[in-house]
Amino acid sequence: MTKYVLALDQGTTSSRAIVFDRQGRIVSSAQKELTQVFPRPGWVEHDPGEIWSSQAGVAAEAVTRAGLSTRDLAAIGITNQRETTIVWERKTGRPVHNAIVWQDRRTAGLCDRLRQAGHEPLFRRKTGLVLDSYFSGTKVRWILDHVEGARERAERGELCFGTVDSWLVWQLTGGALHVTDASNASRTLVFDLHAGDWDDELLDVLGVPRAMLPEVRPSSEICGHTAGPLFSRPTPIAGIAGDQQAALFGQRCTERGMVKNTYGTGCFLLLHTGEAAVPSRHNLLTTVAWRIGERTEYALEGSVFITGAVVQWLRDGLKLIRSSDEVEALASSVPDNGGVYLVPAFAGLGAPHWDPYARGTIVGLTRGTTGGHLARAALEGIAFQVADVLEAMQADSGIRLSELRVDGGGAVNDLLLQFQADILGVPVVRPRVFETTALGAAYLAGLATGFWEREADIREQWQEDRRFDPVMPRASVDRLRACWQRALGRSRGWEEPEE
């Protein structure tokens, strides 16, 4: 009997693979950083070939490190950076352009023009999304408009569009499958949340041919099997979910009102709303959480574009630290932020502000400001942004937050999590296994193959590692948040809109 599930976790800054056992424990893992390409200010790209080669490499490495062969795998689950857009040739599998990453802001002007033409209510009503360059639809349009011959080829059915999950499934199956799941589809601006399928009216507004699109499948089902040299036998590909939805599932936030936040390159907060697609009045997103069988469940989401990436900037841009894990010690070298506030709007502001023209801002600098103050302000800026989103989330849903479950690379930072609890005024809870994005993908795949027979089998696997209770006086919290709002105002609308 096969005893393991392999999760492929293709993220913005790295590709990872993790082998899980039947108890949901990590048996082995491997990770490789991904090259970030910045052709122009505000533009972010990845090499699709590197996405695949790095993911394939760490998959083989994780299996080998566990002392296993691919014959020991019951299933493969895939989770991925969402909205990142790849267009490739159906016949050869060759990309026609670099992947345009979710952070990329090159289509902000197009979104402005679509809003001015009165299209935003249509997109909001059908997709649950705001009309922003964050999402895939306008990125596809950009490729069709700027790559010679692309539009004509797409209309003839010669090109495929996919988010990263589609690209990985295409590669894993040797080009046999062009599919996505409902959670990833719901991030494209061309998927009708209520109909559960691609929408011709939205496709027409964006000028994207339907022939390019993948088939939308459930998040937990055997959609195909591997082919090629990477796996010694055909292995079921049985779980697909966007990274944040996978983390929601892995955190076992499967009941209405449960909330999780993933501290990664950005921060992504999801509130489970059950089988109701709750519209937002406070600039949040309504999104598919997952589709299992005929049942679709939904979430409210707030996306913060730059959080962990600000720590990378302290490391690579300012050279204040040599590795990202040094930031907590540097921030702890000072008792407070010294009046310094850092708004990391390097790629604009996401929820609940949605300002593509905001830019990064540091305020409150004095001659006494040190690297420790900058590091602390960077971490606090992450927590302030999360608090802004959760405030909007509670207003939309009418649900009062009782705790926040957290995961992702930043969840190892005790200073950050304690400050987060203080600012929110509710406990922040870190699970024992906080690689919950990969775990969620593994659960979805394992449930589809009978590796786990029922969700009840995995419910008890979630275990608390540490709980951070708020201790800061409310008056101090109010003062800090008021100063943050002033700093935020200075970052807004900095960049001039492109003509």
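Heads up: the structure comes first, above all this text.
Residue positions are given per chain, counting from 1 as you read along its sequence in written order. In keeping with the predicted nature of the model, local features appear solely for residues at pLDDT of at least 70, side-chain atom pairs appear and are counted solely at 80 or more, and the whole-chain, interface and lining totals rest on all residues. The side-chain numbers reported here are obtained from all heavy atoms of the structure, hydrogens and water having been left aside.

A. Spotlight on the sheet that holds strand E3 (residues 26-33). For two strands to pair, DSSP has to find at least two bridges joining them. Here a strand is any run of E in DSSP of at least two residues, a helix any run of H or I of at least four, and the numbering for each starts at the N terminus. The strand order E3-E2-E1-E5-E14-E13 describes an open sheet built from six strands, whose pairing is mixed. Edge positions in the sheet fall to E3 and strand E13 (220-225), since each of these pairs with one other strand and no more. The sheet shows a mean angle of 25° between the axes of neighbouring strands, taken without regard to direction. Two strands pair when backbone bridges link them, and E13 and strand E14 (residues 236-242) are joined in this way by three bridges, in the antiparallel orientation. For Gly224, the partnering residue across the bridge sits in E14 and is Ile237. Axes here refer to lines fitted to C-alpha atoms; in helices the fit is confined to the stretch in contact. Angles between the N-to-C directions go from 0 to 180 degrees.

B. Up close: unusual backbone geometry. That bond from Ala351 to Pro352 is cis: its omega, -5°, falls within 30 degrees of zero. Relative to the helices and strands, Pro352 is located in the loop between strand E19 (341-343) and strand E20 (361-363). At Arg252, a residue that is not glycine, the phi angle is positive and equals roughly 60°. Tracing the chain through its elements places Arg252 in the loop between helix H9 (243-250) and strand E15 (259-263).

C. Quick look at the nonpolar core. If you look at the biggest cluster of nonpolar residues, it comprises 103 residues, and the most contacted ones within it are Tyr263, Leu390 and Leu404. The element that contributes the greatest number of residues to this core is helix H12 (residues 371-397), accounting for 14 residues. As used in this record, nonpolar core signifies buried Ala, Val, Leu, Ile, Met, Phe, Trp, Tyr and Cys residues forming a set joined through side-chain atoms within 4.5 Å. Here's how the labels work: a residue is buried when its accessible area is under 20% of the maximum for its type, exposed when over 50%, partly exposed in between, all with a 1.4 Å probe on protein chains only. Membership of the second largest hydrophobic core comes to 34 residues, among which are Val19, Ile51, Ile76 and Leu168.

D. Local environment of the packing of helix H10 (residues 308-316) against H12. Remark: H10 packs on H12, axes separated minimally by 9 Å, with the N-to-C direction vectors making an angle of 165°. It follows that H10 is roughly antiparallel to H12 by the angle criterion. Between H10 and H12 lies a crossing whose hand is right-handed. Where H10 abuts H12, its residues Gly308, Val310, Val311 and Leu314 lie against Ala375, Ala378, Leu379 and Ile382. Gly is placed with the polar residues, together with every amino acid not listed as nonpolar (Ala, Val, Leu, Ile, Met, Phe, Trp, Tyr, Cys and Pro) or charged (Asp, Glu, Lys and Arg). Across the contact of H10 with H12, the residue classes break down as seven nonpolar, one polar and no charged. These descriptions rest on fixed angle ranges, namely under 35 degrees for roughly parallel, over 145 for roughly antiparallel, 65 to 115 for roughly perpendicular, and the rest for oblique. The sense of a crossing depends on the near helix, which, turned anticlockwise from the far helix by less than a right angle, makes the crossing left-handed and, turned clockwise, makes it right-handed. For this analysis, residues touch if any pair of their heavy atoms sits within 4.5 Å.

E. Local environment of the pattern of salt bridges. Whenever a carboxyl oxygen of Asp or Glu lies within 4 Å of a side-chain nitrogen of Lys or Arg, that contact is scored as a salt bridge. Within the structure shown, the criterion is met by 43 salt bridges. Two residues, Arg322 and Glu326, come together in a salt bridge whose shortest N-O distance is 3.4 Å. Here Arg322 falls in the exposed class, since its relative accessible area comes to 75%. In the salt-bridge network here, residues are joined through shared partners; they are Arg82, Glu83, Arg187, Asp243 and Glu301.

F. Local environment of the environment of Ser402. Its place among the elements puts Ser402 in the loop between H12 and strand E21 (404-407). What makes Ser402 exposed here is its relative accessible area of 58%. Residues Ser402 and Arg94 lie 308 residues apart in sequence; the distance between their C-alpha atoms is 48 Å. If we skip the residues at most four places from it in the chain, Ser402 touches Val426 and Pro427.

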